[in-house]
Amino acid sequence: MTTYALVGDVGGTNARLALCEVETGSISQAKTFSTLDYDSLEAVIRHYLGEQLHSVKDGCIAIACPITEDWIEMTNHDWAFSTSKMKASLGFDHLEIINDFTAVSMTIPMLTAEHVIQFGGVEPVKDKPIAIYGAGTGLGVSHLVHVDRRWVSLPGEGGHVDFAANSDEEYLILEVLRAELGHVSAERVLSGAGLVNLYRAIVRADNRVPENLKPKDVSERALAHSCTDCRRALSLFCVIMGRFGGNLALNLGTFGGVYIAGGIVPRFLEFFKASGFRAAFEDKGRFRDYVSRIPVYMITHDQPGLLGAGAHLRQTLGRIL
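Bear in mind that the values here come from a model prediction, so they are computed numbers and not experimental data.

**With respect to the overall build of the chain**
Of regular secondary structure, the chain possesses eleven helices and 13 strands. Burial status across the chain gives 50% buried among its 321 residues. Within the chain, residue pairs in contact and separated by at least 24 positions form 66% of the contacts whose partners lie at least 6 positions apart. Accessible surface, the chain: about 15,100 Å² in total, of which carbon and sulfur atoms supply 48%. Of the side-chain charges in the chain, 30 are positive and 37 negative, and the distance between the mean point of each set is 3 Å.

The structure is reproduced here in structure tokens:
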């Protein structure tokens, strides 16, 4: 009989739940719930499982917040809970709560050629380290290494490292943002809010007053050629994405590839393809040749969080990915 486990991908706005077939990793019965409609994550899970025909005793939920101990407090929502108490309350044999980018990283072994788009480099080297990053509400970063037939995700808060300016234009941006924000992390420029920060800094550096734009406004105006400042901001966003990705590649020698996730880049894919992204990725001076062979992929799978949560759980239950 087919065995199913519960998998989830939970953010501040939506909670996505699905069933994962333990033997194959196949995801089914995916459903999205508004977090505003429920008092707790457990309430959402109970509602979802009440609609399913299968008995479920194992689960893995990915959440967009740091995971360090049993007590979980979401960053962008007021849900808070004890993992062990929720496991007992649900009657589960096994329940794990993992960081959302841990889940995204664990997606990589499950992806096929149809789920990615390659940007430069050559073929990935089997079992070599992998880097994953993605701009969305914030900037998520993770690495993945293969050890003793197991994939091990190395989570962290890499999106909050210093923004490393490396051109006259970038130094100008950094100067403006530092005056406003103090510390300027990579996330301050590589995220939805970061795209707006780039636009505002470009305008302020020219002693003009920026409009009150949202991330979608900046990208849409840039693509429509209706705002030079927005187009400069989007171009700079792509270049900084390249520089940051190249830094990740250097950090761990990621000859297994660098993967881009997150919801922003797919919105302007053709612009991104024609941008200075890859040139910036390889702009590492004496180490240009070192990174030039490393492939970069953009993940196009529609539910990487669910797929990765399932992969993480299956490996924990003894399956080989």
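**Focus on the pairing of strand β12 (residues 258-261)**
Alternating positions in β12 separate into two faces, V258 and I260 on one and Y259 and A261 on the other, with burial throughout. Inspection of the sheet shows β12 paired to strand β13 (residues 296-299) by three bridges, in the parallel sense. From the neighbouring strand, I260 faces β13, where its bridge partner is M298.

**Remarks on the layout of surface pockets**
The calculated volume of the largest pocket comes to roughly 1,100 Å³. The wall of the largest pocket is formed by 37 residues, among which A64, D100, F101, T137 and G138 lie closest to the centre.

**A closer look at the sheet that holds strand β4 (residues 58-63)**
Read from one edge of the open sheet, five strands run β3-β2-β1-β4-β7, paired in mixed fashion. Of all the strands in the sheet, the pair left with one neighbour each is β3 (27-34) and β7 (94-99). The sheet shows a mean angle of 15 degrees between the axes of neighbouring strands, taken without regard to direction.

**Brief notes about the packing of aromatic side chains**
Given two aromatic rings, their pairing is described by the distance between the two centres and the angle made by the two planes. Scanning the model with the defined rule gives twelve aromatic pairs in all. Judged by centre distance (5.2 Å) and plane angle (90 degrees), the rings of F119 and F272 are edge-to-face. Residue F119 is located in strand β8 (residues 116-119), and its partner F272 is located in helix α8 (residues 269-273); the two are separated by 153 residues in the primary sequence. Looking at F119, the relative accessible area reads 9%, which means it is buried.

**Brief notes about the pattern of salt bridges**
Per the stated rule, a full pass over the model turns up 15 salt bridges. Among the salt bridges present, the one from E42 reaches R46, with a minimum N-O distance of 3.0 Å. With E42 and R46 both in helix α1 (residues 41-50) and four residues apart, this pair spans about one turn of that helix. Here K273 ties to E270 by a salt bridge, and the two come within 3.3 Å at their closest N and O atoms. Within this pair, K273 and its partner E270 are both found in helix α8, separated by three residues, close to a single helical turn. K273 sits in the partly exposed class, given a relative accessible area of 42%. Connected through salt bridges with shared partners, the residues E170, R243, D283 and R288 form a single ionic network.

**So, the nonpolar core**
Among the nonpolar cores identified, the biggest contains 52 residues, and Y133, F237, M241 and I260 are the most heavily contacted of them. Core analysis: the second largest hydrophobic core is formed by 37 residues, A18, Y48, C60 and L95 among them.

**A word on the side chain of H77**
For H77, the position within the fold is in the loop between β5 (71-73) and β6 (80-82). Residue H77 is classed as buried on the basis of its relative accessible area, which comes to 16%. At 3.5 Å, the side chain of H77 and the side chain of D78 are in polar contact. Among the polar contacts made by the side chain of H77, one reaches the side chain of W79 at a distance of 3.3 Å.

**A look at empty space enclosed by the protein**
For the structure on display, the rule yields one cavity of 30 Å³ or more. The space that makes up the largest cavity amounts to roughly 50 Å³. Of all the secondary structure elements, the ones that give two or more residues to the lining of the largest cavity are α5 (192-205) and α6 (215-223). Considering each element in turn, the lining of the largest cavity owes the most residues, three residues, to α6. Among the residues making up the lining of the largest cavity, the classes are represented as four nonpolar, two polar and two charged.

What counts as what
Residues numbered from 1 in each chain as written. Predicted model: local features only at pLDDT ≥ 70, side-chain atom pairs only at ≥ 80, totals over all residues. Heavy atoms only, no water. Helix = DSSP H or I, 4+ residues; strand = E, 2+ residues; numbered from the N terminus. Buried < 20%, exposed > 50% of the residue type's maximum accessible area, 1.4 Å probe, protein only. Contact = heavy atoms within 4.5 Å. Areas by Shrake-Rupley, 256 points an atom, 1.4 Å probe, with all protein chains shown as cover. Lys, Arg positive; Asp, Glu negative; His and termini not counted. Charge placed at Lys NZ, Arg CZ, Asp CG, Glu CD. Pairing = 2+ DSSP bridges. 1 Å grid on protein atoms, 1.4 Å probe; cavity = no way out; pocket = protein on both sides within 12 Å on 5 of 7 lines; lining within 4 Å. Points joined across faces, edges and corners; volume = space filled by probe spheres on them. Axes fitted to C-alpha atoms, helices over the stretch in contact; angles between N-to-C directions. Phe/Tyr/Trp six-rings, centres within 6.5 Å; stacked < 30°, edge-to-face > 60°. Salt bridge = Lys/Arg side-chain N within 4 Å of Asp/Glu carboxyl O. Core = buried A, V, L, I, M, F, W, Y, C linked by side-chain atoms within 4.5 Å. Polar contact = N/O pair within 3.5 Å; in protein donor to acceptor, adjacent residues only side chain to side chain. Nonpolar A, V, L, I, M, F, W, Y, C, P; charged D, E, K, R; others polar.

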